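# Overview (structure and organization)
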There are 2 protein chains.
Amino acid sequence: MKNIPLFLIGCGGVGRQLLQHIVSCRSLHSTQGLCLRVVGVGDSKSLVAVDDLLHKGLDDSFLLELCRVKGAGESLSKLRDFGACQTFVHPESQGRILEIASQLGRKTGLVFVDCSASSDTVSVLKQAIDMGCCAVMANKKPLTSTMEDFKKLFMYPRRIRHESTVGAGLPVIASLNRITSSGDPVRQIIGSLSGTLGYVMSEVEDGKPLSQVVRDAKSLGYTEPDPRDDLGGMDVARKALILARILGHQINLDSIQIESLYPKEMGPDVMTVEDFMDRGVLLLDKDIQDRVEKAASNGNVLRYVCVIEGSRHLLFPFFTMCEVGIQELPKNSPLGRLRGSDNVLEIYTRCYSNQPLVIQGAGAGNDTTAAGVLADIVDIQDLFP
Amino acid sequence: MKNIPLFLIGCGGVGRQLLQHIVSCRSLHSTQGLCLRVVGVGDSKSLVAVDDLLHKGLDDSFLLELCRVKGAGESLSKLRDFGACQTFVHPESQGRILEIASQLGRKTGLVFVDCSASSDTVSVLKQAIDMGCCAVMANKKPLTSTMEDFKKLFMYPRRIRHESTVGAGLPVIASLNRITSSGDPVRQIIGSLSGTLGYVMSEVEDGKPLSQVVRDAKSLGYTEPDPRDDLGGMDVARKALILARILGHQINLDSIQIESLYPKEMGPDVMTVEDFMDRGVLLLDKDIQDRVEKAASNGNVLRYVCVIEGSRHLLFPFFTMCEVGIQELPKNSPLGRLRGSDNVLEIYTRCYSNQPLVIQGAGAGNDTTAAGVLADIVDIQDLFP
């Protein structure tokens, strides 16, 4: 039986779903000769870990209780009296994470699983990788930090997996890695990587005013509490940056041209959410409607996409283009046919030159994202003794 | 530098393309810390191998000469005087393959790459896996042999990769493995896995007679020399069987219901190819046309697909259904929208329940198939020291 120790950072929606998947897959993984041993869980404030790092794991009833406690908005330190574990609170917890990494990293291996949404994990991840650990991430922030951080994280590329940073559980990164490792140069990626913006663009295509579509999307729970977090395009830009970097482009977030669907004068530092929803977004209706009509008159539709130009030579990728915004696309292409909140990626390579390789499906949701993280963990197993 | 010894069985179109990819990816793989060392190449009649199995590989000029020689329809034994190698001819070559497997298997590891289209390789593959080797296959035959053979090949599941057995280089198997390892039960797979039959069905949808479409497909080189090899559905059934087995269904080829597009009375043992093309296929036009019209009146289209029902429980898959044939599908589904020779797979799981995960792209071709094989080889690297 192969024993894979895990330390989970972040136990919000995705982290808790991951713990539940790990528990419910116990017998499945055991038939595959795998045992996932959760040695500790930490959030921004505190940390719980087993006493005996080398041999024990937090047991399943403890993990489920942890999910219950965190789901109720309580602190991990509440678990002090539930089961055999140590608890640490900030700032002591930071040091303890690195102790765990150094104890397990070279000895048995350890997977750091980052299901937080924080920029603060990059430092611990870099050190953990240096200490022989692996990292599996749903968190986009460390991979969209400086190029120096990115390179440090990928110093041992086999030790890092991050499928769920782009398109949740969709096999996007795995497929791109297969394509590049087989020497098939990626010429272009064009993708709709925001379910919210996918929904918005297909609804305005039907003639609905943008303001109404955004209001509907917000009330359906498709948007962030402040819909401008979606409409600004930054989340898509982070995903585009990750794709561009794994294609070899050495660029930063600020070199990506990002089209925001609202102007600076309607930004969060100028208008409240209520103001934007009641007044601001109405002023955007006309412009979007004009663009939709212009596209339609060309037989096209508008989609909010990322476009990444690749290189024809795998070894010497040169930066050509990475941008995020509204594009006119043929109504009859995979992206043009997209309806609703699915993500779609069209990948053009030497092998997929006229007709792209297309990957489409739900690109968000805790269940789907956690499934992608778990698949990464299982896939990394050959690095463990 | 990680050194991965390979032995290639079969050097037809796919095998030769693989060797060319290996040579052209030398510097790319070297930046990734990988060296693919081809220690030998065999076909059904003979075999060439390096003298010093533990340290050397056939050099690149030798591999390219080998591609030239085999491409010209000549024998591997022609290479006797070209570079430092040993050559063996049948039946001596069979034994020599196993000697190579036993010498390298436990010592440095060895990847057997099966790019043949032969049923005869299953025995050597099984023995090689027993000896500690890995297997990467484009050849469907060993995986569609008896259930006993299949289980033997998958005795160490991490040692066997076979992406290119279904949909050429499309990330179908990799995606299914990710889905199942994350505990997301596959409820249904429905796929168009024959470029030829995809083309045929979308052309008859446009109102063209089947006979004309088959004639066109044959002259475009889309079909086997005898188009009945495509129209019979056996190739699709083999792919369906592989998918069903990796979902856990313990079934054989003869338990799959296969709809042939021509009746037994037009089989190869009754009619010549010429007879079939001149006379037989014309008799099929009316029936297909009626079915196309009936489907259209329901707002549907006809597609030649495989349908595999999964199980709701990953641990106890029970066989529900695996069939291959014409189905009426909604015009507006990913399969319904399919035009031309792309392969499309719709995968329904817990995470992808209403809208499927869709993978679409070219599912045939030597380049694409060899790229899938090469990605499998690179992906297996963590099993090597």
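Residues numbered from 1 in each chain as written. Chains lettered and ligands numbered in written order. Predicted model: local features only at pLDDT ≥ 70, side-chain atom pairs only at ≥ 80, totals over all residues. Heavy atoms only, no water.

Residue and element names in this part refer to chain A. When the domains of chain A are assigned, the result is domain 1 (2–169 + 367–383) and domain 2 (178–362). Look at where the C-alpha atoms of domain 1 and domain 2 centre, and you get two points 31 Å apart. Domain 1 puts 14 residues into the contact, and the matching count from domain 2 is 15 residues. Across the interface of domain 1 and domain 2, roughly 1,300 Å² is buried in total on both sides, 67% from carbon and sulfur atoms. It is Thr144, Met147 and Val166 that lose the most area in domain 1 upon contact with domain 2, and together they represent 42% of the buried surface on that side. Across the domain 1-domain 2 interface, the total number found is 1 salt bridge. Across the pair aspartate 235 and lysine 140 runs a salt bridge, and its minimum N-O distance is 3.3 Å. Applying the counting criterion to the domain 1 and domain 2 interface returns 6 residue pairs in polar contact (both at pLDDT 80 or more). Here the element with the most residues in the side of domain 1 that touches domain 2 is helix α6 (residues 147–153); it accounts for 3 residues. (Domains from an automatic or database assignment. Contact = heavy atoms within 4.5 Å. Buried area = accessible area lost by both parts, 1.4 Å probe. Salt bridge = Lys/Arg side-chain N within 4 Å of Asp/Glu carboxyl O. Polar contact = N/O pair within 3.5 Å; in protein donor to acceptor, adjacent residues only side chain to side chain. Helix = DSSP H or I, 4+ residues; strand = E, 2+ residues; numbered from the N terminus.)

Turning to the relation of the copies chain B and chain A, a few remarks are in order. Applying a rotation about an axis and a shift along it to one chain copy brings it onto the other copy. Least-squares fitting of chain B to chain A yields an RMSD of 0.0 Å, with the transformation described by 0.0 Å of translation along the axis and a rotation of 180°. With respect to symmetry, the two chain copies, as superposed, fit the operation of a two-fold axis. Closest approach to the rotation axis within chain B is made by the C-alpha atom of B:Ile359, at a distance of 2.4 Å. By residue overlap, the copies meet face to face through one surface: 100% of the interface positions of chain B are interface positions in chain A. (Least-squares fit on C-alpha atoms with pLDDT ≥ 70 in both.)

With that settled, the discussion passes to the packing of helix α1 (residues 13–24) of chain B against helix α15 (residues 366–379) of chain B. Residue and element names in this part refer to chain B. Relative to each other, α1 and α15 sit at 60°, their axes nearing to 8 Å. One element, α1, and the other, α15, form an angle in the oblique class. α15 is crossed by α1, and the crossing has right-handed handedness. Residue-level contacts link Gly13, Val14, Gln17, Leu18, His21 and Ile22 of α1 to Asn366, Asp367, Thr369, Ala370, Ala371, Val373, Leu374 and Ile377 of α15. Counted by class, the contact of α1 with α15 contains 8 nonpolar, 5 polar and 1 charged residues. (Axes fitted to C-alpha atoms, helices over the stretch in contact; angles between N-to-C directions. Parallel < 35°, antiparallel > 145°, perpendicular 65-115°, else oblique. Left-handed = near helix turned anticlockwise from the far one by under 90°. Nonpolar A, V, L, I, M, F, W, Y, C, P; charged D, E, K, R; others polar.)

Another aspect to go through is helix α13 (residues 285–297) of chain A. Residue and element names in this part refer to chain A. Along its 13 residues, α13 runs 18 Å from first to last C-alpha, staying within 8% of the 18 Å computed at 1.5 Å per residue. Against the buried residues of α13 lie α8 (195–205), α9 (210–219), β10 (300–309) and β11 (321–330). Looking one or two residues past α13, glycine 299 carries a phi angle of roughly 75°, positive in sign. (Expected span 1.5 Å × (residues − 1).)

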